[in-house]
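Understanding the architecture of this molecule
The residues making up each chain are set out below.
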Amino acid sequence: MARLAPRLVMADERGNIVDAPDLLMVCRRGAEWGLPRPDELMPLPEESELFLLPGRRAVGLDPQSGRMEAVEGLAVAAFAAPAHTLSAHPAYVTEEGAPMLPLFAYGAVGFAKGRFWVCARRVDDDPRQQFRHIKPGRIEREAAALLRAHPKNRLIRHIIENCVRRYSCPAARNFALGRYEAPLPSSRACNARCVGCISAKGADSPLQVTPQCRLAFTPTPEEIAEVMALHGSREQAVPIYSFGQGCEGDPLLNPDLLVESMRLFRGAADPADWTGHGTVNCNTNASRPEAVARLAEAGLTSMRVSLNSARPELYHRYYRPTDYDFSDVAESIRVARRHGVFVSLNLLFFPGITDTEAELAALARLVGENGVSMIEWRNLNIDPEWYWELMTGGEAGEDAAAAAGGASMGLEAFMKRLCGLCPWLRYGYFNPWLGDRAEITAPLPGEWKMPEEKAEA
């Protein structure tokens, strides 16, 4: 079978997306530019989007000369639908004065056999954030009904009016539909100053705007518990309730609120007597080990820890924590695992930095030594060149690749090798339904060593 060879995709002067018949698609993984690997091309998934990249000239490969060429057309990128992880960025030449790209994920895309192809992999079969089969108008009808039935609950109003109607947030839309995972935004404050924060723009940020606005009030425990009970009454098969959303800060900064909310929802201290059932999850930067312990004792099922890297220096460059460091994150994971909480990593994948030997070693140790059960392979939403410069300290060429952690091995190889080192690991994209309490196979802290260390012991 002939190898698939997608053509370069670009935008003409009118903004029309066209393909270049004589140039092949080129993709970028950090400092590496080249043709897509055979194992990373897939048809562009439904509900994906194509972006034009202003001030950036598309680059393709001339198969006759073997040279890369920058064309006059604008570069084009793909924003893959949820459940897919991008494995390469598009290749382009940035012109002087080009604007900073907004906080989205930018995947390499080409055209062949009458369709678009993207460098990506589907990492989760859950259809949780697919809406193409929902009849037009149904979400708005359900949302309006919730507002009428619960006029005094500010959290319901925020989820409907801000998250559903203003931003079309997938989690909020699912809450309106009464299915899957309900969002529970609760915190206005955060103790990290993430470079790519989607809900608050720092004074030193070169970004023009953020994709969302932050929660402007603190809900009461009663308001949160009402949302949980409402969602549990409508989604009775696989109910999930998640603190920590894109429209808020970090929920661990207000543990009293979360503990009291869970107490009201669960209905009893003893799990045997719980009346509120389902998976209670917390998406967090995991900066407060003592808060994690309290939440676990109050009925927390799972915790998803966001990080861009398991290497402390890269983590700090992106998260810029104000009153914690990476050691607190690792300790929070250990505390959660010891308390029987299922821990996932919300791994913000960036081709050329995440899929390196240095990151593999650091991530395997973080996972194995602390008891992580799952990796959620998410895309880092950021201008690729901006992030690359930030993570490599402005180095160029071989020095930049060395600073990033070595050569890119690709998403597929990285996933296989990580699973080989930590064979209990579960892979996905969404927070899993685990019932009230999870069955955990991840080792307890202190029980695991890197395979080569076992051989030397």
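The structure this text deals with has already been given above.
Now for a description of the structure that goes with this document. (Residues numbered from 1 in each chain as written. Predicted model: local features only at pLDDT ≥ 70, side-chain atom pairs only at ≥ 80, totals over all residues. Heavy atoms only, no water.)

Most of strand E18 (residues 374-379) is tucked away, with six of its six residues classed as buried. Of the two faces of E18, both are covered, the one formed by Met374, Glu376 and Arg378 as well as the one formed by Ile375, Trp377 and Asn379. For strand E17 (residues 342-349) and E18, the ladder comprises six bridges, and the chain directions are parallel. Across the sheet, residue Asn346 finds its bridge partner in E18, namely Glu376. For the handedness criterion, the β-α-β arrangement of E17, helix H9 (residues 357-370) and E18 is classed as right-handed. Bridge count between E18 and strand E19 (residues 426-428): three bridges; the pairing is parallel. The residue of E19 that forms the bridge with Ile375 is Tyr427. (Buried < 20%, exposed > 50% of the residue type's maximum accessible area, 1.4 Å probe, protein only. Helix = DSSP H or I, 4+ residues; strand = E, 2+ residues; numbered from the N terminus. Pairing = 2+ DSSP bridges. Right-handed = clockwise from strand over helix to strand, strands pointing away.)

Attention now moves to the nonpolar core. By size, the foremost hydrophobic cluster in this structure holds 103 residues, and its most contacted members are Leu345, Trp377 and Leu418. For Leu345, the contacting residues outside a window of four places in its chain are Arg304, Val305, Leu307, Ile333, Leu363, Leu366, Val367, Val372, Met374, Ile375 and Glu376. Leu23, Ala58, Val71 and Tyr92 belong to the second largest nonpolar core, which has 13 residues in total. (Core = buried A, V, L, I, M, F, W, Y, C linked by side-chain atoms within 4.5 Å. Contact = heavy atoms within 4.5 Å.)

In this section: the sheet that holds strand E9 (residues 89-90). Read from one edge to the other, the open sheet built from three strands follows the order E4-E3-E9, with strand pairing classed as antiparallel. On the outer flanks of this sheet lie strand E4 (32-34) and E9, each paired with one strand and no other. In this structure, strand E3 (residues 27-29) lies alongside E4, joined through three bridges in antiparallel fashion. Directly across from Arg29, in E4, lies its bridge partner Glu32.

Before going further, it helps to spend a moment on the sheet that holds E17. For sheets, the rule is that strands pair by backbone hydrogen bonds, running either parallel or antiparallel. Sheet architecture is open: seven strands sit in the order E13-E14-E15-E16-E17-E18-E19, paired in parallel fashion. The sheet is open, and its two edges are formed by strand E13 (181-184) and E19, each paired on a single side. Averaged over neighbouring strand pairs, the angle between their axes works out to 25° when direction is ignored. (Axes fitted to C-alpha atoms, helices over the stretch in contact; angles between N-to-C directions.)

Attention now goes to the pattern of salt bridges. Taken as a whole, this structure holds 24 salt bridges when the rule is applied. Ionic pairing is found between Arg234 and Glu142, a salt bridge with its closest N-O pair at 3.2 Å. Remark: Glu142 occurs in helix H1 (residues 138-149) and Arg234 occurs in helix H4 (residues 221-234); sequence separation between them is 92 residues. Take Arg234: its relative accessible area is 29%, and that puts it in the partly exposed class. Look at Glu142 and you get partly exposed, because its relative accessible area is 24%. A salt bridge links Arg304 to Glu376, with the nearest nitrogen and oxygen atoms 3.2 Å apart. Residue Arg304 is found in strand E16 (residues 302-307), and its partner Glu376 is found in strand E18; the two are separated by 72 residues along the sequence. Across this residue pair, the class does not change: Arg304 and Glu376 are buried. Within the structure, one salt-bridge network assembled from shared partners comprises Glu46, Glu47 and Arg132. (Salt bridge = Lys/Arg side-chain N within 4 Å of Asp/Glu carboxyl O.)

Positive phi, close to 90°, is recorded for Ala83, a residue that is not glycine. Inspection of the secondary structure assignment puts Ala83 in the loop between strand E7 (68-79) and strand E8 (84-86). Judged by its relative accessible area of 1%, Ala83 falls in the buried class. A positive phi angle, near 60°, is found at Tyr180, a position not held by glycine. With respect to the element layout, Tyr180 can be found in the loop between helix H3 (170-177) and E13.

Let us now look at the pairing of E7. For strand E1 (residues 7-11) and E7, the ladder comprises two bridges, and the chain directions are antiparallel. Bridge pairing in E7 places Ala11 opposite Leu74. Pairing of strand E6 (residues 49-61) with E7 involves nine bridges; the strand directions are antiparallel. Paired with Leu50 across the strands is Ala78, a residue of E7. As consecutive antiparallel partners, E6 and E7 are separated by six residues, and within that stretch Gly66 has a phi angle of approximately 80°, a positive value.

As enumerated under the stated definition, the model contains 16 aromatic pairs in all. Between Phe51 and Phe79, the aromatic rings sit 5.7 Å apart at their centres with planes inclined by 40°, giving tilted as the arrangement. Of this pair, Phe51 sits in strand E6 while Phe79 sits in strand E7, placing them 28 residues apart in sequence. A residue is classified by how much of its surface remains accessible, and Phe79, at 22% relative accessible area, is partly exposed. With 5.1 Å between their ring centres and 65° between their planes, Tyr315 and Phe326 make a pair best called edge-to-face. In this pair, Tyr315 sits in helix H7 (residues 312-319) while Phe326 sits in helix H8 (residues 326-338), placing the two residues 11 residues apart along the sequence. (Phe/Tyr/Trp six-rings, centres within 6.5 Å; stacked < 30°, edge-to-face > 60°.)

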